[in-house]
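Residues per chain are reported as follows:
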Amino acid sequence: MASDGELKVHSPGESLEALTKEAETLKIKLEEERQKLNDVALSTVAERLEVINYLNIKPRRVLKGHQAKVLCSDWSPDKRHIVSSSQDGKMIIWDAFTTNKEHAVTMPTTWVMACAYAPSGNLVACGGLDNKVTVYPLSLEEDVSTKKKTVGTHTSYMSCCTFPNSDQQILTGSGDSTCALWDVESGQLLQNFHGHAGDVMSLDLAPSETGNTFVSGSCDRMVLIWDMRTGQCVQSFEGHQSDINSVKFHPSGDAVATGSDDSTCRLFDLRADKEVAVYTKESIIFGVNSVDFSVSGRLLFAGYNDYTVNVWDSLKCVRVTLLYGHENRVSCLQVSPDGTALSTGSWDYTLRVWA
């Protein structure tokens, strides 16, 4: 009794094919629109700027004490202390001026891949192959580990963590390809961020005071911008040829720098919605593990697998200088909160402070 007005039922395969085709054509249209706005290269615009000739950055301190590869570090908001974590399961709190160790905690697991100071400076978080994020209150009176508390658990290793805006919440990235926002007090999962198709390696909060967006970089070679309130991905960038190991917001909040195993750093502009710079040289063939900006955003520091730190002019896209000193790959690096120093951590078991 079929009439002519009857709906045509697609076979699932057919409709999927049609939708895939449609998605592809939309992608091409988007790319065409982007190209229309692609008027001039960043390095061209920067040609009229003065060249940065002289940077007097020297190694000022060496922090020795880890018995294994240093995997992560973070400056305290007090601009003086550094927390670092290593492959042998140790977490150490350093006074970067005197090089003294103020606390040393042994974690129940090896490969503590992430550590972070809370905004108050009274709390540190860390995690790694235990799939957990654990929080330690810091007090000089007693042993730090007595007060430790597990806040959240992923289904794979935890690669990175940070406190957004307060000691009350913690944001984590994991090998299970998700990011998650946790309540520190209750351990409750407040928000889950699904969108990557590979291990999340790095995340960074947007510098704005309200701070509701963050960026993540992954082994799927994608850079995603997220809204923390909704859990939605609001923007994505592609361009890297290999795993992205590090992501960092430009101090203006309008761009994101990335470092990758493809041996390049890149700059993605949120307003132009595209890649605006690549930091690379023929001679650089080693992967980038960590990136950070100077306070002005003019310099981009990048730590590489060839044991060096390259300092790039972020606007002119040229290398300003090289920092030698580590004897194995540079695994983490971070400009201090006031911009006066740079800390680097390495597989050579040491951390170094440059200024």
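See the structure above.
Residues numbered from 1 in each chain as written. Predicted model: local features only at pLDDT ≥ 70, side-chain atom pairs only at ≥ 80, totals over all residues. Heavy atoms only, no water.

(A) Looking closely at the overall build of the protein. Counting secondary structure elements, the protein contains 2 helices and 28 strands. Relative to a compact globule of 355 residues, whose C-alpha radius of gyration would be 20 Å, the protein shows 22 Å and is just as compact. The principal-axis extents of the C-alpha atoms in the protein amount to approximately 85 × 55 × 35 Å. The buried share of the protein, taken over its 355 residues, is 52%. Counting contacts in the protein only where the partners sit at least 6 residues apart, residues at least 24 apart contribute 44% of the total. Accessible area of the protein: about 17,000 Å², with a carbon and sulfur share of 51%. The average position of the 32 basic charges and that of the 45 acidic charges among the side chains of the protein differ by 7 Å. (Helix = DSSP H or I, 4+ residues; strand = E, 2+ residues; numbered from the N terminus. Rg over C-alpha atoms; globule rule 2.2 N^0.38 Å. Buried < 20%, exposed > 50% of the residue type's maximum accessible area, 1.4 Å probe, protein only. Contact = heavy atoms within 4.5 Å. Areas by Shrake-Rupley, 256 points an atom, 1.4 Å probe, with all protein chains shown as cover. Lys, Arg positive; Asp, Glu negative; His and termini not counted. Charge placed at Lys NZ, Arg CZ, Asp CG, Glu CD.)

(B) Highlighting the sheet that holds strand β4 (residues 90-95). Spatially, the 4 strands line up as an open sheet ordered β2-β3-β4-β5, and their pairing is antiparallel. The open sheet is flanked by β2 (70-75) and β5 (101-106), the only strands paired with a single partner. Adjacent strand axes in the sheet meet at a mean angle of 15 degrees when their direction is disregarded. The sheet contact formed by strand β3 (residues 81-86) and β4 spans 5 bridges and is antiparallel. Residue pairing across strands places valine 83 opposite isoleucine 93, the latter belonging to β4. (Pairing = 2+ DSSP bridges. Axes fitted to C-alpha atoms, helices over the stretch in contact; angles between N-to-C directions.)

(C) Fine view of the environment of isoleucine 285. Position of isoleucine 285 relative to the elements: it lies in the loop between β21 (274-279) and β22 (288-293). A C-alpha to C-alpha distance of 5.6 Å links isoleucine 285 and serine 263, two positions 22 residues apart in sequence.

(D) Looking closely at the nonpolar core. In this structure, Cys265, Leu267, Tyr279, Leu300, Ala302, Tyr304 and Trp312 are the most contacted members of the largest nonpolar core, which totals 16 residues. Counting residues per element, the ones that place at least two in this core are β19 (255-260), β20 (265-269), β21, β22 and β23 (299-304). Not counting the four nearest positions on each side in its chain, tyrosine 304 is found in contact with Ser263, Cys265, Ile284, Phe286, Gly287, Val288, Asn289, Asn310, Trp312, Arg329 and Val330. With 15 residues, the next largest nonpolar core counts Ala114, Ala116, Ala118 and Val151 among its residues. (Core = buried A, V, L, I, M, F, W, Y, C linked by side-chain atoms within 4.5 Å.)

(E) Just the pairing of β3, in detail. Here β3 lies mainly inside the structure; 6 of its 6 residues are buried. Residue alternation in β3 divides its side chains into two sets, His81, Val83 and Ser85 and Ile82, Ser84 and Ser86, and both sets are buried. Two elements, β2 and β3, share 5 bridges in a ladder whose sense is antiparallel. Each residue of the ladder has a partner; that of cysteine 72, found in β3, is serine 85. Hairpin remark: β2 followed by β3, antiparallel, with 5 residues in the connecting loop; positive phi at lysine 79, about 65 degrees. Counting the residues that bridge the hairpin from β3 to β4 gives 3 residues, and of these glycine 89 lies at a positive phi of roughly 90 degrees.

(F) Quick look at the sheet that holds strand β25 (residues 318-323). The 4 strands lie next to each other as β22-β23-β24-β25, forming an open sheet whose pairing is antiparallel. Strands at the two margins of the open sheet, each flanked by one partner only, are β22 and β25. Averaged over all neighbouring strand pairs, the angle between strand axes comes to 25 degrees, with direction disregarded. Where β23 lies against strand β24 (residues 309-313), 5 bridges are found, and the strand directions are antiparallel. If you follow alanine 302 over to β24, its bridge partner there is asparagine 310.

(G) Local environment of the packing of aromatic side chains. For the structure shown, the criterion picks out 5 aromatic pairs. Residues phenylalanine 193 and tryptophan 226 carry aromatic rings whose centres are separated by 5.7 Å and whose planes lie at 70 degrees to one another, so their mutual orientation is edge-to-face. Placement of the pair is phenylalanine 193 in strand β13 (residues 189-194) and tryptophan 226 in strand β16 (residues 223-227), with a sequence separation of 33 residues. For phenylalanine 193, a relative accessible area of 1% translates into the label buried. A residue is classified by how much of its surface remains accessible, and tryptophan 226, at 0% relative accessible area, is buried. Judged by centre distance (6.0 Å) and plane angle (50 degrees), the rings of tyrosine 279 and tryptophan 312 are tilted. Of the two residues, tyrosine 279 sits in strand β21 while tryptophan 312 sits in strand β24, which places them 33 residues apart along the sequence. A single burial state applies to tyrosine 279 and to tryptophan 312, both of which are buried. (Phe/Tyr/Trp six-rings, centres within 6.5 Å; stacked < 30°, edge-to-face > 60°.)

(H) Expanded view of the pattern of salt bridges. Considering all chains together, one arrives at 10 salt bridges under this definition. Measuring nitrogen to oxygen at the nearest pair gives 3.9 Å for the salt bridge that ties glutamate 185 to lysine 149. Of the two residues, glutamate 185 sits in the loop between β12 (178-183) and β13 while lysine 149 sits in strand β9 (residues 149-153), which places them 36 residues apart along the sequence. By relative accessible area, which is 31% here, lysine 149 ends up partly exposed. Two residues, aspartate 313 and arginine 298, come together in a salt bridge whose shortest N-O distance is 2.8 Å. Of this pair, aspartate 313 sits in strand β24 while arginine 298 sits in the loop between β22 and β23, and the two are 15 residues apart along the sequence. (Salt bridge = Lys/Arg side-chain N within 4 Å of Asp/Glu carboxyl O.)

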